[in-house]
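# Coordinate analysis (summary)
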Amino acid sequence: MFKNIKILKYIWLLTVSLLTFSTSASDWQFDGFVSQGYFAVDDSAFIVGDDDDTWSINEAAVAASWKINEEFRLAGSLSYRYWGELAESRLSFDYAFLEYSRHFGTNKYGIRGGRFKNEFGFYSSTRDASFTRPSIMLPQSIYPDYFRDTQLHLDGLDLFGFHYLFNGALDWHLSAGDTLVTDDLMINVNGDTVFGDYDSESFYAFDMDYQSDQLRLGLSFYDGGVDFYRNPEYSVFTDGDIAIQTWLLSLQYRWSWFEVTAEHMWSTTKINEIYYPAQLGEVDFDSTGYYIDLRAYLPYSTELFIRYDQHIADVDDRNGTRLSMMSGIPSYYGYTYDWTVGGRWFISSNWMLAMEYHHLDGASWTTPLAIRNPLSQKQDWSMFALQLSYRF
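Below: a short report on this structure. What you see as residue numbers is a count from 1 along each chain, following the sequence as written. Local features in this predicted model are restricted to residues of pLDDT 70 or higher, and side-chain atom pairs are both shown and tallied only at a pLDDT of 80 or more, whereas totals for entire chains, interfaces and linings draw on every residue. Side-chain calculation: all heavy atoms of the structure are included, whereas hydrogens and water are not.

Turning our attention to the overall build of the chain. Going along the chain from the N terminus, every DSSP run of H or I of four or more residues is numbered as a helix, and every run of E of two or more is numbered as a strand. Looking only at helices and strands, the chain has three helices and 17 strands in total. A globule of 392 residues ought to have a C-alpha radius of gyration of about 21 Å, and the chain, at 21 Å, matches this closely. Overall, the chain is about 65 × 50 × 40 Å in size when its C-alpha atoms are taken along their principal axes. Within the chain, buried positions represent 49% of all 392 residues. The long-range fraction of contacts in the chain, counting pairs at least 24 apart against all pairs at least 6 apart in sequence, stands at 63%. Counted charges follow a simple rule, with Lys and Arg positive, Asp and Glu negative, and His plus the chain ends left uncounted. Just so you know, the charge point we use is NZ for Lys, CZ for Arg, CG for Asp and CD for Glu. Of the side-chain charges in the chain, 27 are positive and 53 negative, and the distance between the mean point of each set is 6 Å. This radius of gyration counts C-alpha atoms alone. The globule rule is 2.2 Å times how many residues there are, raised to the power 0.38. Classification of residues uses two cut-offs on accessible area relative to the type maximum, computed with a 1.4 Å probe and protein chains only: under 20% is buried, over 50% is exposed, and between them is partly exposed. Only heavy atoms matter for contacts: two residues are in contact if any of them lie within 4.5 Å across the pair.

Before going further, it helps to examine the side chain of Ser 200. Turning to its location among the elements, Ser 200 is positioned in strand β8 (residues 196-200). Here Thr 179 takes part through its backbone nitrogen, which lies 3.0 Å from a polar atom of the side chain of Ser 200. Pairing of N or O atoms within 3.5 Å defines a polar contact, subject to two protein rules: one partner must be a possible hydrogen donor and the other a possible acceptor, and residues neighboring in sequence count only if both atoms are side-chain atoms.

This part is about the nonpolar core. Nonpolar side chains tend toward joint burial in soluble globular proteins. Here, nonpolar core means buried Ala, Val, Leu, Ile, Met, Phe, Trp, Tyr and Cys residues that are tied together by side-chain atoms lying within 4.5 Å of each other. In this structure, Phe 39, Phe 46, Ile 47, Trp 83, Tyr 143, Tyr 198 and Met 383 are the most contacted members of the largest nonpolar core, which totals 47 residues. If near-sequence neighbours (up to four positions away) are discounted, Phe 39 is found in contact with Ile 47, Val 48, Asp 52, Asp 53, Thr 54, Ile 57, Trp 83, Ile 136, Met 137, Met 383, Phe 384 and Ala 385.

We now examine helix α2 (residues 183-190). Of all the eight residues making up α2, six are buried; the element is thus mostly covered by neighbouring parts of the structure. Every buried residue of α2 is listed here: Asp 184, Leu 185, Met 186, Asn 188, Val 189 and Asn 190. The secondary structure elements touched by the buried residues of α2 are β4 (87-104), β8 and β10 (215-230). Where α2 ends, the next residue or the one after it, Gly 191, has phi of about 105°, a positive value.

Any two side chains of opposite charge can pair, given that their charged atoms come close. Just to be clear on terms, a salt bridge is a Lys or Arg side-chain nitrogen sitting within 4 Å of an Asp or Glu carboxyl oxygen. Applying the stated criterion to the full structure yields 22 salt bridges. Salt-bridge contacts for Lys 67 lead to Glu 70; the nearest nitrogen and oxygen are separated by 3.7 Å. Residue class for Lys 67 comes out partly exposed when judged on its relative accessible area of 38%. In this structure Glu 70 comes out as exposed when scored by relative accessible area, which is 64%. One salt bridge connects Asp 145 with Arg 81, and the closest N-O pair in it is separated by 3.4 Å. Of this pair, Asp 145 sits in the loop between β5 (107-117) and β6 (153-165) while Arg 81 sits in strand β3 (residues 72-83), and the two are 64 residues apart along the sequence. Each member of the pair, Asp 145 as well as Arg 81, carries the same accessibility label: buried.

We now examine the pairing of β6. Only strands joined by at least two bridges in the DSSP assignment are considered to pair. By the bridge criterion, 10 bridges tie β5 to β6 in an arrangement that is antiparallel. Residue pairing for β6: Gly 113 is matched across the bridge by Leu 157. Sheet topology places β6 next to strand β7 (residues 168-179); 12 bridges connect them, and they run antiparallel. Bridge assignment links His 163 to a residue of β7, and that residue is Leu 170. Hairpin connection between β6 and β7: a loop of two residues separates the two successive antiparallel strands, and Phe 166 in this loop has a positive phi of roughly 50°.

Aromatic rings from Phe, Tyr and Trp, with only the six-membered ring used for Trp, were paired whenever their centres fell within 6.5 Å, and each pair was classed as stacked if the ring planes differed by under 30 degrees, edge-to-face if by over 60, and tilted otherwise. In the structure shown here, the tally under the stated rule is 29 aromatic pairs. Plain terms: the ring middles of Phe 72 and Tyr 100 are 5.0 Å apart, the flat faces sit at 50° to each other, and that makes the pair tilted. Highlighted residues: Phe 72 in strand β3 and Tyr 100 in strand β4, separated in sequence by 28 residues. One aromatic cluster is present, formed by Phe 195, Tyr 198, Phe 228, Tyr 234, Phe 237, Tyr 275 and Tyr 276 through successive ring pairs. Two limits define a charge over a ring: the Lys NZ or Arg CZ must be within 6 Å of the ring centre, and within 35 degrees of the ring normal. Cation over ring: Arg 112 sits above Phe 97, and NZ or CZ is 4.8 Å from the ring centre. Its end group placed over the ring of Tyr 297, Arg 254 keeps NZ or CZ at 4.0 Å from the ring centre.

Our focus in this paragraph is unusual backbone geometry. Here the bond from Thr 367 into Pro 368 is cis, since omega is -10°, no more than 30 degrees from zero. Tracing the backbone shows Pro 368 in the loop between β16 (351-362) and β17 (377-391). Notably, Ser 256 is not glycine yet its phi reads approximately 55°, a positive angle. Assignment of secondary structure puts Ser 256 in the loop between β11 (240-255) and β12 (258-273). Taking relative accessible area as the criterion, Ser 256 reaches 52% and is therefore assigned exposed.

This part is about a negative patch on the surface. Distance thresholds for patches are 9 Å for like charges and 5 Å for nonpolar side chains (Val, Leu, Ile, Met, Phe, Trp, Tyr), applied to residues having over 30% relative accessible area and no salt bridge. Only the protein chains shown count as cover for residues, and the accessible areas themselves come from Shrake-Rupley with a 1.4 Å probe. Residues Asp 42, Asp 50, Asp 51, Asp 52, Asp 53 and Glu 85 make up a contiguous surface patch of negative charge. By secondary structure assignment, the location of Glu 85 is in the loop between β3 and β4. By relative accessible area, which is 48% here, Glu 85 ends up partly exposed.

Keep in mind that these numbers describe shape and distance, not what the molecule does.
This is the structure we're talking about:
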């Protein structure tokens with residue numbers, strides 16, 4: 001039923017674009033950004049493919065928001081993203097929704113319908129804007145780029161609320177709908193679009209976020225999945241489906257010039273056929289991951305950070321031994337340990353330069369997930385990333 005709402009998003013975004021020009025300046029907002037990035041990767045094809053580096057790291061977006069009255073708001077955003085081998089060059093609607101909200105004393109409640117960002121963890125809803133995420137690449141244990149389609153967008157309904165509580169603020173979201181599935185998911189998981197197609201199943205999510213002057217706490221959950229329909233001309237895969245349930249606990253504490261952020265994920269994945277023989281029935285496994293990020297806010301609008309990020313594909317096979325015995329691929333595809341150092345320099349209020357270096361052990365979140373190629377992926381590898389961004 002949520003797929004019918006997709007038609008409305010185009011109407012709403014067009015309405016925003018047209019009516020914006022006929023309203024007063026206090027009724028609308030307009031903003032956007034553009035960025036150019038560069039990645040150099042050693043001993044892996046992750047992001048860069050067959051080359052050692054790539055400049056095909058481009059992001060841009062324009063957004064408009066029209067406040068119809070005190071209770072209704074229309075908002076939409078058109079975005080462009082090209083993220084090396086992980087995301088094909090594509091122009092799309094990032095979000096387009098109609099929102100209704102009301103204040104009851106100091107509390108606020110609302111509902112929005114259309115396409116909106118899923119509120120998962122601290123950074124899911126803002127991960128595609130370089131100024132609102134903490135690094136060029138988010139921790140892949142929590143925000144994997146290969147599975148980005150299953151977390152980021154929803155076409156459906158979102159209930160939300162805002163409350164002042166204990167010298168801070170609590171906001172929450174209850175969401176239901178269908179995720180936006182693109183060809184990127186087929187390429188990152190199965191290796192090529194010729195093998196078939198993925199289609200979204202219903203998606204349900206809950207997010208709660210509490211913030212005070214120094215402390216931020218979050219709890220998120222989602223239950224979703226995708227169906228896979230194989231191309232009958234190829235026998236590599238079979239029809240099937242993937243179901244995922246994920247919990248995420250988030251913590252952030254800021255003191256003086258320093259900030260520490262940590263998020264811990266627990267996820268259960270159930271796969272019915274696709275890559276597994278039908279005789280096995282439904283195959284399920286638990287994954288886990290976490291990161292700890294220590295950041296310093298220095299003079300001259302400069303940030304420096306160091307981060308440790310860990311991902312375990314199967315908690316019952318932490319070193320990948322069973323994976324190697326069953327599939328014949330190296331055991332290091334069962335985990336990833338990522339040490340990252342980097343920084344950001346806000347040259348002005350509109351310009352930002354970001355830089356980071358990753359040293360990695362393991363390859364659990366390299367793509368394609370279903371068809372591994374050890375010849376293009378070593379156990380120990382590294383990445384260097386650079387990005388220049390402008391916002392308006």
